[in-house]
Amino acid sequence: MKCKIPFLHFPGIAAGILLLGCIASPLTANAHLASDNAFEGAVWEKILEEDVESPQGIVQSVCATEHYIITLENYADGSSEPDIVKAYYRNDVDENGDPVEPYTLAKRVAATDYEHANGMAYNPNTGEIAVALYSNSIPENRGCIFIMDALTLEYKERVQISDAYNILGIGYDEENDRYIIQTDWEGGYSFKILDNSFQIIEDLGEYAHTAKGDNFQDLCVSGDYIINFPLTLYLGIGDFIHVYSISQRELVSDARVDFQFQNVSYDEPESICELEPGVFVATVCVVYEDGRKTNCLYKTTVPTTDTAASPDSPSSASGASDTASAASAEKEGFLKAAVKKVHNIPVIKALAALLVILVILLLLRIRYVVVQRERRRKLRRTKQARKRAGI
């Protein structure tokens, strides 16, 4: 006898499996830069400015987690003094859902010397931040990256990539679960792809000849692109941003950057990270004419494949229509980014595993009930048959 159990008779299981499907196969944000020239004419908004803590200090790198924008100030080159890690709220609520003021300080840790502390990359799958040292005043640190806990901001371990060069910059490619590094001059300023265990799996070639300046800063990865600032300090040519295509293995854009400085003697863009598709934050060292040195965070939004205007859109569209379209695209991009961020939270992944166990237990329980019910039916039929037979 076949036992029919309509799926909708068990709404708890239906909801559980539906939720499990949403977690296991999320609507990830697949928006990428709309073109090679996405940074042309980008408008940069200053969202934070603070004095550096050390007289010789410079904030060398920045990265972003689900809840924080993380900066790393190199206390002083060649010093054994611990460098300064700071976490600023990136949203208007913290990880517990409590309201906070965005871009205000949430955490500060000064416990480890990260050498020059030139680059950072956050991996949401491990909850760790990889730090590119760039220098090695301690010989054992040559060619190494340091791993930092993204929650506590404490040092965890050292991983050596090579003993032939130091690591200048590092970015995490979330779509492909891999890292991309740039070496120092001894490695020809080459880009290399690492797997999620920091093993080199591909060499993209040397790029020393592509620099708008005479060196490079930290990098980030966005889709097919590697993005970094060239070092143009004291060259008198202004600031630029490099965009490299991974698939083409070449520099595809070197747009000029205008931070709209006033009363500034010199500046140095140090590092860049992507908050969500098309939204970037850069950390910039600024020295004013009065000698004051600060660290500034600048934010910009560039066109992506989700937000770029359709080529066949009528140029005479009304301002109201343009505003509505922009608002709709912004909401859509925010929603996709929010879903992606939720998927990457370790707690959600743990809940997903728990949900799988609960669903399996429920299914086993249902099968047990069905089997017992069928046995009772057979037993009743046997008794009735014996009764009719007079046994």
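Remember, predicted model here, so these are calculated numbers, not experimental data.

### Describing the sheet that holds strand β18 (residues 264-276)
- Read across the open sheet, the four strands follow the order β1-β20-β19-β18; overall the sheet is antiparallel. The outermost strands of the open sheet, each flanked by one partner alone, are β1 (45-51) and β18. This sheet shows a mean twist of 20° between the axes of neighbouring strands, independent of strand direction.
- In this sheet, strand β20 (residues 293-301) lies alongside strand β19 (residues 279-288) in antiparallel orientation, the contact comprising nine bridges. Along β20, the bridge assignment pairs Val287 with Lys293.

### Focus: a positive patch on the surface
- Where like charges cluster on the molecular surface, the positive patch consists of Arg373, Arg375, Arg376, Lys378, Arg380 and Arg381.
- As for its position among the elements, Arg376 is in helix α3 (residues 346-389).
- We classify Arg376 as partly exposed; its relative accessible area is 46%.

### Details of the packing of aromatic side chains
- Throughout the structure, instances matching the rule amount to 15 aromatic pairs.
- On the basis of an interplanar angle of 55° and a centroid distance of 5.2 Å, the ring pair of Tyr189 and Phe216 is categorised as tilted. Of the two residues, Tyr189 is situated in the loop between β11 (178-183) and β12 (190-194) and Phe216 in strand β14 (residues 216-222); the sequence distance between them amounts to 27 residues.
- We classify Tyr189 as buried; its relative accessible area is 11%.
- Within the aromatic cluster, the residues linked to one another by ring pairs are Trp44, Phe259, Phe261 and Tyr298.

### Things to note about the nonpolar core
- Residues Leu33, Phe39, Trp44, Ile227, Ile241, Ile272 and Phe280 are the most contacted members of the largest nonpolar core, which totals 25 residues.
- Taken together, the elements giving at least two residues each to this core come down to β15 (225-230), β16 (239-245), β17 (250-257), β18, β19 and β20.
- Non-local contacts of Phe280, meaning those with residues more than four positions away in its chain, are made with Leu33, Phe39, Cys220, Ser222, Ile227, Ile272, Cys273, Glu274, Tyr298, Lys299, Thr300 and Val302.
- Core analysis: the second largest hydrophobic core is formed by 21 residues, Cys63, Tyr122, Met148 and Leu153 among them.

### Considering the environment of Leu235
- Take Leu235: it is sitting in the loop between β15 and β16.
- In this structure the C-alpha to C-alpha distance between Leu235 and Gly213, which are 22 residues apart in sequence, comes to 7.6 Å.
- Apart from residues lying up to four places away in sequence, Leu235 is in contact with Gly213 and Asp214.

### Some details on the side chain of Glu115
- Mapped onto the elements, Glu115 comes out in the loop between β5 (105-112) and β6 (119-123).
- There is no salt bridge for the buried Glu115, and the closest opposite charge comes from Arg158, which lies 7.6 Å off by N-O distance.
- In this structure the side chain of Glu115 is engaged in a polar contact, spanning 2.8 Å, whose partner is the backbone nitrogen of Ser137.
- Separated by 3.2 Å, the side chain of Glu115 and the backbone nitrogen of Ile138 make a polar contact.
- The contact partners of Glu115, leaving out residues within four places of it in the chain, are Asn74, Asp83, Leu133, Ser135, Asn136, Ser137, Ile138 and Asn141.

Rules of the game
Residues numbered from 1 in each chain as written. Predicted model: local features only at pLDDT ≥ 70, side-chain atom pairs only at ≥ 80, totals over all residues. Heavy atoms only, no water. Pairing = 2+ DSSP bridges. Helix = DSSP H or I, 4+ residues; strand = E, 2+ residues; numbered from the N terminus. Axes fitted to C-alpha atoms, helices over the stretch in contact; angles between N-to-C directions. Patch = residues over 30% accessible without salt bridge, like charges linked within 9 Å, V, L, I, M, F, W, Y side chains within 5 Å. Areas by Shrake-Rupley, 256 points an atom, 1.4 Å probe, with all protein chains shown as cover. Salt bridge = Lys/Arg side-chain N within 4 Å of Asp/Glu carboxyl O. Lys, Arg positive; Asp, Glu negative; His and termini not counted. Charge placed at Lys NZ, Arg CZ, Asp CG, Glu CD. Buried < 20%, exposed > 50% of the residue type's maximum accessible area, 1.4 Å probe, protein only. Phe/Tyr/Trp six-rings, centres within 6.5 Å; stacked < 30°, edge-to-face > 60°. Core = buried A, V, L, I, M, F, W, Y, C linked by side-chain atoms within 4.5 Å. Contact = heavy atoms within 4.5 Å. Polar contact = N/O pair within 3.5 Å; in protein donor to acceptor, adjacent residues only side chain to side chain.

Function cannot be inferred from these measures alone, as they are strictly geometric.
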